[in-house]
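Remarks on the overall topology
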Amino acid sequence: MRKKFFFFSFGLFAFLLLVGFEFFQSQKDDIFFKIDKSIEIFGKIYKEVLLNYVDEVDPEKFMRAGIKGMLNQLDPYTVFIDEKHREEVDALTTGKYGGIGVSISKIDTQVVVVKVLKDYPADKAGLKVGDVIIQIDSISVDDKPLEEVRTYMVGKAGTPIKLKVLREGFENPLVFEMTRAEIEVKNIAYYNFIDNGIAYIKLERFSRNAGEELRQAIKNLQAKGEIKGLILDLRDNPGGLLDAAVDIVEKFVPEGSLIVSTRGRKPDAVRNYYSTEKPLLPDVPLCVIVNNSSASASEIVAGAIQDLDRGVILGTRTFGKGLVQTISYLSYNTFLKMTTAKYYTPSGRCIQEVDYFHKPDGVFIIKPDSEKKVFKTKNGRIVYAQGGIMPDTIIPEITRSNFTETLVKRGLFFKFANRFLAEHKTLPENFEINNQILEQFKKFVEKNNFTFKDSFEINLEKAIEYAKKQRYQNGYISEVELTLNKIKSNKINYFQIYRDEIARELMRQILARYKYENELIEWELSNDVQVKTAISILKDGKTYSSILKSK
């Protein structure tokens with residue numbers, strides 16, 4: 001009887017195995033059939049349009065529009081990178097690219113230089129912050145998008161480039177001829193002791209050499225003196241390579257610590273990353289400063305430090321990007337940067353802020369993540385998933401008024417600093433923003449026909465417009481109009497109200513014309529509320545320890 005049962009069980013097992021294999025194979029075949037079918041339909045539509053559409057269509061632009069439309073159905077981090085933007089991949093993966101060592105931006109419609117890296121071709125040639133680029137080689141950049149202009153700036157090291165620029169104080173354009181060099185992307189913008197034994201390191205990105213740069217910075221600081229506490233500044237750091245983030249955390253946490261996990265659709269996307277080296281600073285009190293622009297790799301570092309109770313996270317909530325991208329080479333020097341996994345902090349939380357995947361009308365097969373929101377750190381402190389990393393100590397950044405922000409957006413600080421440079425070849429000794437300079441700036445703003453309405457005035461105008469459309473009684477409208485007229489006739493002296501923040505922005509813009517980035521950062525630290533708070537926490541052992549203890 002037993003033999004008969006065993007034989008039946010074995011036969012049933014073989015039958016189920018065969019059925020299971022055939023079911024799996026049919027599913028696999030079905031997927032490949034759908035892929036082949038869709039590609040065939042897409043190709044026929046593409047060909048039909050190119051050959052028979054009423055107007056001639058550019059084949060490359062049409063195909064790339066199709067690629068863009070297809071990828072737009074996914075998350076915003078899954079993108080096609082064409083051959084013109086290869087240097088972005090090189091800068092991230094190798095930490096180097098060919099260029100002249102400048103950062104550019106657009107103010108109004110002009111392409112302007114906003115940063116010049118020390119000792120690179122642009123610096124040696126004499127290019128300055130504030131210069132307006134009007135031509136690169138034989139190409140006019142006046143009507144070109146900023147991204148396109150950047151592609152003209154980069155190129156293979158050793159190749160020539162010629163820039164024509166406008167500079168305040170010069171009647172005719174200036175021409176600079178340079179040879180592109182290999183630009184090394186620096187991850188650390190500044191490091192030094194900023195208080196008695198308290199070191200500060202500003203990490204701006206996570207490219208290939210970030211961990212080694214941090215190692216060298218720590219060793220250089222230790223050569224100067226004992227590090228009694230360290231501030232790692234990740235504010236405005238948009239992230240970069242996951243491996244680089246792991247390398248950064250390894251400098252602080254015990255060997256063998258879980259730093260981050262990734263989970264994706266494919267088996268090779270499920271990985272745990274552990275610290276594989278002895279930390280350089282195993283016991284030194286650590287404070288990591290973050291803000292809403294700290295994203296991706298920055299959040300991996302902040303999340304690991306928080307979950308392992310290795311340091312205090314200070315500032316404001318981070319961006320909330322818990323997605324991992326993989327860069328794949330396609331052909332013809334093009335790439336696909338695609339989201340392949342989500343990352344999870346050591347406690348198991350995913351801090352992705354926006355759910356791009358579970359849209360009712362989306363293209364995904366909906367498989368919701370765990371509903372678990374509450375997690376615990378190594379010491380038992382409660383932390384939360386989704387929506388970025390919430391700091392242990394929330395210290396808001398100093399925000400500027402709408403008035404000052406509008407002046408910034410109009411480029412009036414930037415343009416005034418250009419004029420100041422034209423009138424002062426060197427920065428006066430013990431320079432400060434006094435009443436005379438503030439008055440000069442006020443007249444400069446007025447001369448540029450700057451007008452400003454605050455939110456209160458704008459909302460009153462909208463209220464009057466709405467009331468008239470709704471045919472409210474004239475009495476109501478008249479009262480609101482009377483209030484609005486009082487505001488217009490008694491103009492608020494915004495320059496006086498916001499004197500301090502205007503003076504600070506003027507100082508920053510003027511210093512940027514005479515000093516390199518590291519010197520500018522050093523000046524900004526002197527009035528940084530978040531950094532000062534971090535220093536006080538690191539110097540007070542009881543406060544530091546109490547923050548990291550379980551409540």
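Predicted model only: the values in this text are computed from it and were never measured.

Comments concerning the overall build of the chain
Secondary structure summary: the chain contains 18 helices and 21 strands in total. With respect to the three principal axes, the spread of C-alpha positions in the chain is 105 × 75 × 70 Å. By the burial criterion, 41% of the 551 residues in the chain qualify as buried. For the chain, the proportion of contacts with a sequence separation of at least 24, taken over those separated by at least 6, is 69%. Just so you have it, the chain exposes about 32000 Å², and 54% of that area is on carbon and sulfur atoms. For the chain, the separation between the mean place of its 81 positive charges and that of its 75 negative charges on side chains is 4 Å.

Notes on the pairing of strand β12 (residues 229-233)
Within β12, five of the five residues are buried, leaving the element largely enclosed by the surrounding structure. The side-chain alternation of β12 yields two buried faces, one formed by G229, I231 and D233 and the other by L230 and L232. With respect to chirality, the unit in which strand β11 (residues 198-203) leads through helix α6 (residues 210-224) into the neighbouring parallel β12 is right-handed. Alignment of β12 against strand β15 (residues 286-290), held across four bridges, turns out to be parallel. When the sheet's bridge partners are listed, L232 is paired in β15 with V288.

What to know about the environment of S328
Checked against the element boundaries, S328 lands in strand β17 (residues 323-329). Assessed through its relative accessible area of 31%, S328 is described here as partly exposed. Sequence separation between S328 and F80 is 248 residues; the distance between their C-alpha atoms is 9.9 Å. Among residues more than four places away in sequence, those in contact with S328 are T334, F335 and L336.

Concerning helix α18 (residues 541-548)
The complete set of buried residues in α18 reads Y544, I547 and L548. One face of α18 carries all of its buried residues, which in axial projection span an arc of 95°. Against β15, β16 (312-315), β21 (393-394) and α17 (529-539) lie the buried residues of α18.

Focus on the pattern of salt bridges
Taken as a whole, this structure holds 27 salt bridges when the rule is applied. Across the salt bridge formed by R64 and D82, the nearest N and O atoms sit 3.7 Å from each other. With R64 in helix α2 (residues 59-71) and D82 in the loop between β1 (79-81) and α3 (86-93), this residue pair connects regions lying 18 residues apart in the sequence. R64 gets classed as partly exposed once you look at its relative accessible area, which sits at 26%.

With respect to the packing of helix α12 (residues 455-469) against helix α13 (residues 474-489)
Two numbers describe how α12 lies on α13: the axes approach to 10 Å, and their chain directions differ by 155°. Between α12 and α13, the angle falls in the class roughly antiparallel. Where α12 crosses over α13, the handedness of that crossing is left-handed. Where α12 approaches α13, its residues F456, E457, L460, E461, I464, A467 and K468 are matched on the opposing element by I477, V480, E481, T483, L484, I487 and K488. Partitioned by chemical class, the residues of the contact of α12 with α13 number eight nonpolar, one polar and five charged.

A closer look at the confidence of the model for the chain
In the predicted model, the chain carries a mean pLDDT of 88, and 91% of its residues have values of at least 70. This stretch, residues 1-16, has a pLDDT under 50; its non-local contacts, to residues over four places away or in other chains, come to zero contacts. In the model, residues 364-371 has pLDDT below 50 throughout and makes 11 contacts with residues more than four positions away in sequence or in other chains.

Observations concerning the packing of helix α15 (residues 499-511) against helix α16 (residues 517-525)
Where α15 meets α16, the closest approach of the two axes is 10 Å, and the angle between their N-to-C directions is 160°. Looking at the two axes, α15 sits roughly antiparallel to α16. In this structure, α15 meets α16 at a crossing whose hand is right-handed. The segment α15 lies against α16, with R504, M507, R508 and L511 engaging L520, W523 and E524. A breakdown of the residues in the contact of α15 with α16 according to their chemical character gives four nonpolar, no polar and three charged.

So, the sheet that holds β11
Across a sheet, paired strands are connected by hydrogen bonds in the backbone, their directions being either parallel or antiparallel. If you trace the six strands from one edge of the open sheet to the other, you get β10-β11-β12-β15-β16-β21, paired in mixed fashion. Either end of the sheet is taken by a strand with one partner, and the two such strands are β10 (188-195) and β21.

Notes on the packing of aromatic side chains
What the rule picks out here adds up to 17 aromatic pairs. Considering the side-chain rings of F403 and Y498, the 6.3 Å spacing of their centres and the 25° angle between planes classify their relative orientation as stacked. In this pair, F403 is assigned in helix α9 (residues 402-409) and Y498 in the loop between α14 (494-497) and α15, connecting sequence segments 95 residues apart. Overall, the relative accessible area of 4% leaves F403 in the buried class. Judged by centre distance (4.8 Å) and plane angle (15°), the ring pair of F413 and F441 falls under stacked. Here F413 is found in helix α10 (residues 412-423), whereas its partner F441 is found in helix α11 (residues 435-447), with 28 residues between them in sequence. As far as the burial class goes, F413 and F441 line up, both buried.

Description of a nonpolar patch on the surface
On the surface, a nonpolar cluster with roughly 380 Å² of combined accessible area is contributed by I31, F32, I35 and I39. Assignment of secondary structure puts I39 in helix α1 (residues 2-52).

The rules behind each value
Residues numbered from 1 in each chain as written. Predicted model: local features only at pLDDT ≥ 70, side-chain atom pairs only at ≥ 80, totals over all residues. Heavy atoms only, no water. Helix = DSSP H or I, 4+ residues; strand = E, 2+ residues; numbered from the N terminus. Buried < 20%, exposed > 50% of the residue type's maximum accessible area, 1.4 Å probe, protein only. Contact = heavy atoms within 4.5 Å. Areas by Shrake-Rupley, 256 points an atom, 1.4 Å probe, with all protein chains shown as cover. Lys, Arg positive; Asp, Glu negative; His and termini not counted. Charge placed at Lys NZ, Arg CZ, Asp CG, Glu CD. Right-handed = clockwise from strand over helix to strand, strands pointing away. Pairing = 2+ DSSP bridges. Arc of directions from axis to C-beta. Salt bridge = Lys/Arg side-chain N within 4 Å of Asp/Glu carboxyl O. Axes fitted to C-alpha atoms, helices over the stretch in contact; angles between N-to-C directions. Parallel < 35°, antiparallel > 145°, perpendicular 65-115°, else oblique. Left-handed = near helix turned anticlockwise from the far one by under 90°. Nonpolar A, V, L, I, M, F, W, Y, C, P; charged D, E, K, R; others polar. pLDDT = per-residue confidence, 0-100. Phe/Tyr/Trp six-rings, centres within 6.5 Å; stacked < 30°, edge-to-face > 60°. Patch = residues over 30% accessible without salt bridge, like charges linked within 9 Å, V, L, I, M, F, W, Y side chains within 5 Å.

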